[in-house]
Amino acid sequence: LDVENADAAWWLGDHWHSEGNTSEALKQFRRYLRLCPGDPEALHMISALGGRPKPRRASDGYVRDHFDAFAEDFDETLVRDLKYQVPKLLYESVRQVRGPRRPRMDMLDVGCGTGLVGARFRPVIRKLWGVDLSTEMAKLARARGIYETVAVSEITTYLKKTRRTFDLVAAADVLIYFGDLAAMFRGVGRVLRPGGLFAVSAEAQRTGDFRLTDSGRYAHSLAYLRRVGESAGLSLVRHRPGRLRFELDKPVMGHIVVLARREGA
């Protein structure tokens, strides 16, 4: 009833989106944008729903604002409500690639969030570093006490600038905010030691390279993941399709992929 109430506009947009009513969702997200000009989350959702051109990756502002707001309830929502199992699936895939009784690894957790992935990999890690764009998520990851450092940075910028190298880089539910993966994969190839592994999850699509879905996340084809990896000197060594989590009581299917840096790449 209050046409100037931005929160009402946002949550009406969210409601109609969850109901599959795209036109009403767009109407409310545009109303929110009028009340909060330039808001990155509103711009992103309007793009995802087809109301403006779709970007090749989510903006830094969208990712930062989304996860700063989500941080406090992140673990409970993801694990309890959405039955999130990506950390477990990534860990199992890396163990299967490496085999038993291998030396502990130095690991970089990109888009580390609150540290769910880092915590899961502790049995096979010597030292662990994290990077995340959200200040609030980084605070929660640091509070676990398992990271050497958690940098607050955009991922591709961090991968270009860091002088460290790693045996393992993990990216859990990170690719869903990137359409074009070329820059990220090149950066990972740069920081991986020869034979090092890159373990990633991606929402699945069958054809094409990638697309921004109406959920606001990007989905990628396995063929694209393989090709962009090869271009960065990374060979796909394991692929496991599976359920990543639930959303609106429906399973979200995806790829669990492990790539290895080629010798001499």
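Novice: Help me understand the environment of Asp 65 in this model?
Specialist: Along the polypeptide, Asp 65 turns up in helix H4 (residues 60-70). When its relative accessible area of 30% is taken as the criterion, Asp 65 is described as partly exposed. Sequence spacing of Asp 65 and Glu 41 is 24 residues, and the spatial spacing of their C-alpha atoms is 7.4 Å. Leaving out residues up to four positions away in the same chain, Asp 65 has contacts with Pro 40 and Glu 41.

Novice: Sorry if this is basic, but what is going on with the pairing of strand S5 (residues 192-204) here?
Specialist: Taken residue by residue, a regular strand's side chains alternate between the two faces of the sheet. Pairing geometry for strand S4 (residues 166-171) and S5, over five bridges, is parallel. By the bridge assignment, Val 169 is partnered in S5 with Phe 198. As a crossover connection, the stretch from S4 through helix H10 (residues 182-191) into S5 is right-handed. Relative to strand S9 (residues 250-261), S5 is paired through seven bridges, and the arrangement is antiparallel. For Val 200, the partnering residue across the bridge sits in S9 and is Val 257.

Novice: Help me out: how do you make sense of unusual backbone geometry in this one?
Specialist: Most peptide bonds take the trans configuration, and most residues that are not glycine carry a negative phi. A positive phi angle, close to 55°, is found at Lys 83, a residue other than glycine. Structurally, Lys 83 can be placed in the loop between helix H5 (74-81) and helix H6 (86-98). Relative accessible area serves as the criterion here: at 44%, Lys 83 is assigned to the partly exposed category. The backbone of Asp 173 sits at a positive phi, close to 55°, despite the residue not being glycine. As for its placement among the helices and strands, Asp 173 is situated in the loop between S4 and H10. Its relative accessible area of 14% is what places Asp 173 among the buried residues.

Novice: Honestly, the packing of aromatic side chains in this entry has me stumped. Any pointers?
Specialist: Centre-to-centre distance and the angle between the planes together describe a pair of aromatic rings. Here the structure, examined in full by the defined rule, presents nine aromatic pairs. When the centroid spacing of 5.1 Å and the interplanar angle of 65° are considered together, the rings of Trp 10 and Tyr 32 count as edge-to-face. Of this pair, Trp 10 sits in helix H1 (residues 6-18) while Tyr 32 sits in helix H2 (residues 22-35); the two residues are 22 residues apart in sequence, bridging distant segments of the chain. Taken individually, Trp 10 and Tyr 32 each receive the classification buried, so the pair is uniform in this respect. Linked through ring pairs, Trp 10, Phe 29 and Tyr 32 together constitute an aromatic cluster.

Novice: What's the story with the side chain of Arg 31 in this structure? I'm lost.
Specialist: By the element assignment, Arg 31 lies in helix H2. One buried charge, Arg 31, has no salt-bridge partner; the nearest side chain with opposite charge is Asp 2, at 6.1 Å. In terms of polar contacts, Arg 31 uses its side chain to reach the backbone carbonyl oxygen of Asp 2, at 2.9 Å. Those residues in contact with Arg 31 that lie beyond four places of it in its chain are Asp 2, Val 3, Asn 5, Ala 8, Ala 9 and Leu 12.

Novice: Explanation requested: the layout of surface pockets in the structure shown.
Specialist: To locate leftover empty space, one rolls a probe as large as a water molecule over the atoms. Counted as a void, the second largest pocket has a volume near 170 Å³. Sort the elements by how many residues they give to the lining of the second largest pocket and S5 lands first, with five residues. Across the lining of the second largest pocket, the residue classes break down as five nonpolar, two polar and five charged.

Novice: Hey, could you run me through the side chain of Ser 235 in this one?
Specialist: Secondary-structure assignment places Ser 235 in strand S8 (residues 234-247). A polar atom in the side chain of Ser 235 sits 3.5 Å from the side chain of Arg 262.

Novice: Could you clarify how one ought to interpret the nonpolar core in this entry?
Specialist: If you look at soluble globular proteins, the nonpolar side chains tend to sit buried side by side. Counting 70 residues, the largest nonpolar core has Phe 121, Met 184, Phe 185 and Phe 198 as the members making the most contacts within it. Ranked by residue count, the leading element in this core is S5, at six residues. With near-sequence residues (within four places) excluded, Phe 185 lies in contact with Leu 175, Phe 198, Leu 225, Val 228, Gly 229, Ala 232, Leu 234 and Leu 259. By size, the runner-up hydrophobic cluster in this structure holds 11 residues, among which are Ala 6, Ala 25, Leu 26 and Ala 42.

Reading guide: rules and limits
Residues numbered from 1 in each chain as written. Predicted model: local features only at pLDDT ≥ 70, side-chain atom pairs only at ≥ 80, totals over all residues. Heavy atoms only, no water. Helix = DSSP H or I, 4+ residues; strand = E, 2+ residues; numbered from the N terminus. Buried < 20%, exposed > 50% of the residue type's maximum accessible area, 1.4 Å probe, protein only. Contact = heavy atoms within 4.5 Å. Pairing = 2+ DSSP bridges. Right-handed = clockwise from strand over helix to strand, strands pointing away. Phe/Tyr/Trp six-rings, centres within 6.5 Å; stacked < 30°, edge-to-face > 60°. Lys, Arg positive; Asp, Glu negative; His and termini not counted. Salt bridge = Lys/Arg side-chain N within 4 Å of Asp/Glu carboxyl O. Polar contact = N/O pair within 3.5 Å; in protein donor to acceptor, adjacent residues only side chain to side chain. 1 Å grid on protein atoms, 1.4 Å probe; cavity = no way out; pocket = protein on both sides within 12 Å on 5 of 7 lines; lining within 4 Å. Points joined across faces, edges and corners; volume = space filled by probe spheres on them. Nonpolar A, V, L, I, M, F, W, Y, C, P; charged D, E, K, R; others polar. Core = buried A, V, L, I, M, F, W, Y, C linked by side-chain atoms within 4.5 Å.

By themselves, these figures tell us nothing about what the structure is for.
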